[in-house]
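Structural overview
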Amino acid sequence: MSLMNKRQLRKFIKAQVAELTPQQKLKEADDVFLFIENTQVFKNSANVMLFSSLPDELPTHHIIDRWSETKNVFLPRVVGDDIEVIGYQPGSLEQGSFNILEPTGDNVANPSILDLIIVPGVAFDRHGNRCGRGKGFYDRFLAKTHATTIAVCFDCQLVDSLQVEPHDVPVDYVVTHSFKSL
């Protein structure tokens, strides 16, 4: 596949993900999160930020609840052009920006307490470069934290290389069903 611009890449990946069955999505998610749970990075992390997945992202809802039993779990909430870090409480999610389930309440945390951030995106390469949805929320947020970052995605979202711009913030690791840089 030749190098596409970000708009073309988003369209291409969206079509690839749309071909996955719900069973495939859950199988890949289970494999990815089981792998992460067995890493030293995860075991050493007390404060973990996840994301509430959209239908075209690796499913996270069952993981949010599972990990909240043993970790301090945080979720993002979009406020203006920024992401706030909110402590997760079961049953506290409501439809927020961009139709994403977001935590309610005023339990805002300082991002500096985070040990690990599980990062969504549209596409990634093996070097940790990330193509998001185009608004730059995660790039701005990740630039302000020193937490370990792990991108999680379906196999079809991993590409050979991405166009990188100066504002793009790479992740430390990328984990798919078939590829694990951790």
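As a reminder, the structure under discussion sits directly above these lines.
Reading the values: the criteria
Residues numbered from 1 in each chain as written. Predicted model: local features only at pLDDT ≥ 70, side-chain atom pairs only at ≥ 80, totals over all residues. Heavy atoms only, no water. Phe/Tyr/Trp six-rings, centres within 6.5 Å; stacked < 30°, edge-to-face > 60°. Helix = DSSP H or I, 4+ residues; strand = E, 2+ residues; numbered from the N terminus. Buried < 20%, exposed > 50% of the residue type's maximum accessible area, 1.4 Å probe, protein only. Polar contact = N/O pair within 3.5 Å; in protein donor to acceptor, adjacent residues only side chain to side chain. Contact = heavy atoms within 4.5 Å. Pairing = 2+ DSSP bridges. Salt bridge = Lys/Arg side-chain N within 4 Å of Asp/Glu carboxyl O. Expected span 1.5 Å × (residues − 1). Arc of directions from axis to C-beta. Right-handed = clockwise from strand over helix to strand, strands pointing away.

What follows deals with the packing of aromatic side chains. Summed over the entire model, instances satisfying the criterion amount to 2 aromatic pairs. Measuring from ring centre to ring centre gives 5.6 Å for phenylalanine 33 and tryptophan 67, while their planes differ by 85 degrees; the resulting arrangement is edge-to-face. One end of the pair, phenylalanine 33, is in helix H2 (residues 22–37); the other, tryptophan 67, is in helix H4 (residues 61–67), with 34 residues separating them in the sequence. When its relative accessible area of 0% is taken as the criterion, phenylalanine 33 is described as buried. Here tryptophan 67 falls in the buried class, since its relative accessible area comes to 2%. Geometrically, the ring pair formed by phenylalanine 42 and tryptophan 67 is tilted, given 4.5 Å between the ring centres and 45 degrees between the ring planes.

Relative to the elements of secondary structure, threonine 39 occurs in the loop between H2 and helix H3 (40–43). Residue threonine 39 is classed as buried on the basis of its relative accessible area of 10%. At 2.7 Å, the side chain of threonine 39 and the backbone oxygen of isoleucine 36 are in polar contact. Polar contacts involving the side chain of threonine 39 include one to the main-chain amide nitrogen of phenylalanine 42, which spans 3.2 Å.

Before going further, it helps to examine the environment of aspartate 155. Along the chain, the position of aspartate 155 falls in the loop between strand E10 (148–152) and strand E11 (158–159). Along the sequence, aspartate 155 and leucine 34 sit 121 residues apart, while their C-alpha atoms lie 16 Å from each other. Setting aside residues up to four positions removed in sequence, aspartate 155 forms contacts with Glu28, Thr176, His177, Ser178 and Phe179. A distance of 2.6 Å separates a polar atom in the side chain of aspartate 155 from a polar atom in the side chain of threonine 176.

Strand order across the open sheet formed by 3 strands is E9-E8-E11, with mixed pairing between neighbours. Sheet topology places strand E9 (130–131) and E11 at the edges, where each strand pairs with a single neighbour.

Right, let's get into the pattern of salt bridges. In the structure shown here, the tally under the stated rule is 8 salt bridges. For glutamate 165, the salt bridge goes to lysine 6, with nearest N and O atoms at 3.4 Å. With glutamate 165 in the loop between E11 and strand E12 (173–175) and lysine 6 in helix H1 (residues 6–18), this residue pair connects regions lying 159 residues apart in the sequence. Look at glutamate 165 and you get partly exposed, because its relative accessible area is 34%.

Moving on: H1. Here H1 is 13 residues long and its end C-alpha atoms lie 18 Å apart, about the 18 Å a rise of 1.5 Å per residue gives. When H1 is considered as a whole, its buried residues turn out to be Lys6, Leu9, Ile13 and Val17. Considered in projection along H1, the buried side chains sweep an arc of 65 degrees and stay on one side of the axis. Residues of H1 that are exposed and angled more than 90 degrees away from the buried face: Arg7, Lys11, Lys14 and Ala18. Taken together, the buried residues of H1 touch H2, strand E8 (123–125), E9 and E11. The opening residue of H1 is asparagine 5, an N-cap whose side-chain oxygen sits 3.0 Å from the backbone nitrogen of arginine 7.

So, on to the pairing of strand E2 (residues 72–79). Counted residue by residue, E2 has 6 buried out of 8 residues, so it is predominantly covered. Two elements, strand E1 (residues 47–49) and E2, share 3 bridges in a ladder whose sense is parallel. Bridge pairing in E2 links asparagine 47 to asparagine 72. Once you follow E1 into H4 and on to E2, the crossover reads as right-handed. Where E2 folds back onto strand E3 (residues 82–87) in an antiparallel hairpin, the turn is made up of 2 residues, including glycine 80, whose phi is positive at roughly 65 degrees.

As far as function goes, none of this settles anything; it's purely spatial.
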